[in-house]
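Residue strings, one per chain:
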Amino acid sequence: MRFSTLGSSGLEVSRVCLGSMTWGLQNTQQQANEQIDYALSQGINFIDTAEMYPVPPSENTYGGTESIIGNWLAENCRRRKDVIIASKIAGAGLPYIRQAGPINGDAIIHSVDASLKRLQTDYIDLYQLHWPNRTSPHFGKHFPGEVSFSQADPDSETNTMLEILQALDDCIKAGKIRFCGLSDDTTWGINQYLKLSEKHALPRMVSIQNEFNLLHTKDWPYLIENCIHEDIAFLPWSPLGGGMLSGKYLDGKRPQGSRWTISQRMGLFRNTEHSEAAIKGYKSVAENHGITAAQLALAWCDQIDGVTSTIIGATSMAQLKENIEAFSSPLAEQVVKETMQIFKDFPVPF
């Protein structure tokens, strides 16, 4: 397993981050334990979760994934020092989480305490803002005109960002979290937080996790360039495009137990004619070179300059082993060339 530094934190994280959003809905405690144990045996030391997991989120399952990880930690307390745990505070919009209210200082304090209790640990290594208070161009809202940026009040947003950083600072000084980061945010969001941190001597955001895959590359080049030069770790989530890039949903297939057999909060916004055509092309390239479509997509993410650690997820041990194997060796130059030829035909398929 290869490792990279998590932005300015100094933490060394595996190039593979074990995602957990299926634990508690599609996966049981026992299955999650098996995934964690296997991942650690392969050198993975980085696990990502969130207070709203599992997904699709619901009031009945809220906090379930953190609780599953907490149960594992309680049974493996001596291994806590070997695992970097990342969690996230949910943004506005879910009525059963702080009455759908925005992230602010009080929300940070209370949510950190609640996550620590569920995780059965004294500290969280990386605490992230799951999505910003303002509307951002994520979850299918990346086409021009989908978001009206001029409708946001930058002064109000910045004042709340300062309040958030102050609360994160309190949590760090109390030993409850070590570092903080962002998710589903933008270059403007990153830089506002960095300016506030420098001006007020407050904690620095060390990472950002955004969707990034062969079907969705809006963060290249501008946000990723910004991350490299500002020492912000870039953590792609959904490197398989919600599972699409594995090819398992081609031609209308819905494998039993798969995510697309469960109602999705945001709908199947990635599922378009162009996405289908692109995936068939990528699958053909992969098969011609003796790897799976999923392994091609994951290895492609890993070789992008600026990517720190790619967040993978699996509902079975077979999937987990296949996905981890994708990072065992870099893609050959010819494979990358053939992949990019298809990409140029379908740069924004959804």
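Residues numbered from 1 in each chain as written. Predicted model: local features only at pLDDT ≥ 70, side-chain atom pairs only at ≥ 80, totals over all residues. Heavy atoms only, no water.

K.L.:
Summarise unusual backbone geometry; cite the residues concerned and give the values.
P.N.:
In this structure, the amide linkage connecting Tyr-53 to the following residue, Pro-54, adopts the cis form with an omega of 10°. Counting through the fold element by element, Pro-54 comes out in the loop between β4 (46-48) and α2 (64-75). With an omega of 5°, the peptide bond between Trp-220 and Pro-221 qualifies as cis. Within the fold, Pro-221 resides in the loop between β8 (205-211) and α6 (222-230). Phi at Gln-120 takes a positive value of approximately 55°, unusual for a residue other than glycine. If you trace the backbone, Gln-120 turns up in the loop between α3 (105-119) and β6 (124-129). Despite not being glycine, Ala-201 shows a phi value in the positive range, around 55°. Mapped onto the fold, Ala-201 is located in the loop between α5 (187-200) and β8. Judged by its relative accessible area of 66%, Ala-201 falls in the exposed class. (Helix = DSSP H or I, 4+ residues; strand = E, 2+ residues; numbered from the N terminus. Buried < 20%, exposed > 50% of the residue type's maximum accessible area, 1.4 Å probe, protein only.)

K.L.:
Before we move on, can you summarise the pattern of salt bridges with the specific residues and values?
P.N.:
A side chain with one charge may pair with a side chain of the opposite charge, provided their charged atoms come close. Within the structure shown, the criterion is met by 17 salt bridges. The closest approach of N and O atoms between Asp-169 and Lys-173, which form a salt bridge, is 3.1 Å. Of this pair, Asp-169 and Lys-173 both sit in helix α4 (residues 154-173), separated by four residues, roughly a single helical turn. Look at the salt bridges and you will find they share partners, linking Glu-51, Glu-66, Arg-98 and Arg-118 into a network. (Salt bridge = Lys/Arg side-chain N within 4 Å of Asp/Glu carboxyl O.)

K.L.:
Which residues make up the state of the cysteines, and what are the values?
P.N.:
Counted by the stated rule, this structure contains zero disulfides. Its sulfur unpaired, Cys-171 is 9.8 Å from the next cysteine sulfur, which belongs to Cys-180. Cys-301 provides the cysteine sulfur closest to Cys-227, a residue in no disulfide bond, and the two sulfurs are 14 Å apart. (Disulfide = S-S within 2.5 Å.)

K.L.:
Tell me about the packing of aromatic side chains, and please be specific about residues and values.
P.N.:
We describe a pair of aromatic rings using the distance from one ring centre to the other and the angle between the two ring planes. Considering all chains together, one arrives at seven aromatic pairs under this definition. Ring centres 4.0 Å apart and planes at 5° place the aromatic pair Tyr-249 and Trp-260 in the stacked group. Here Tyr-249, found in the loop between β9 (233-237) and α7 (273-288), pairs with Trp-260, found in the loop between β9 and α7; they are eleven residues apart in sequence, far enough to count as distant. Given the relative accessible area of 3%, Tyr-249 is considered buried. Here the aromatic residues Phe-212, Phe-234, Trp-300 and Phe-343 are joined through ring pairs into a cluster of three or more. In this structure, Arg-118 packs its charged tip against the face of Tyr-62, placed 5.2 Å from the ring centre. (Phe/Tyr/Trp six-rings, centres within 6.5 Å; stacked < 30°, edge-to-face > 60°. Lys NZ or Arg CZ within 6 Å of the ring centre and 35° of its normal.)

K.L.:
Describe the sheet that holds β4, listing the residues and the values that go with them.
P.N.:
Sheet architecture is open: eight strands sit in the order β9-β8-β7-β6-β5-β4-β3-β10, paired in parallel fashion. Each edge of the open sheet is held by one strand with a lone partner, namely β9 and β10 (310-312). For this sheet, the mean inter-axis angle between neighbouring strands, taken without regard to orientation, is 30°. Of the strand pairs in this sheet, strand β3 (residues 16-19) and β10 are connected by three bridges, and their pairing is parallel. (Pairing = 2+ DSSP bridges. Axes fitted to C-alpha atoms, helices over the stretch in contact; angles between N-to-C directions.)

K.L.:
I'd love a proper account of the nonpolar core, names of residues and values included.
P.N.:
Counting 82 residues, the largest nonpolar core has Ile-108, Leu-129 and Leu-168 as its most contacted members. By size, the runner-up hydrophobic cluster in this structure holds 13 residues, among which are Val-13, Phe-46, Ala-86 and Ile-311. (Core = buried A, V, L, I, M, F, W, Y, C linked by side-chain atoms within 4.5 Å.)

K.L.:
Help me get a handle on the packing of α2 against α3, residues and values and all.
P.N.:
Interhelical geometry of α2 versus α3 gives an angle of 50° and a closest axis separation of 6 Å. The angle between α2 and α3 places the two elements in the oblique class. Of the residues in α3, those touching α2 at Glu-66, Ser-67, Ile-69, Gly-70 and Leu-73 are Ser-115, Arg-118 and Leu-119. When grouped by side-chain class, the residues that make up the contact of α2 with α3 number three nonpolar, three polar and two charged. (Parallel < 35°, antiparallel > 145°, perpendicular 65-115°, else oblique. Contact = heavy atoms within 4.5 Å. Nonpolar A, V, L, I, M, F, W, Y, C, P; charged D, E, K, R; others polar.)

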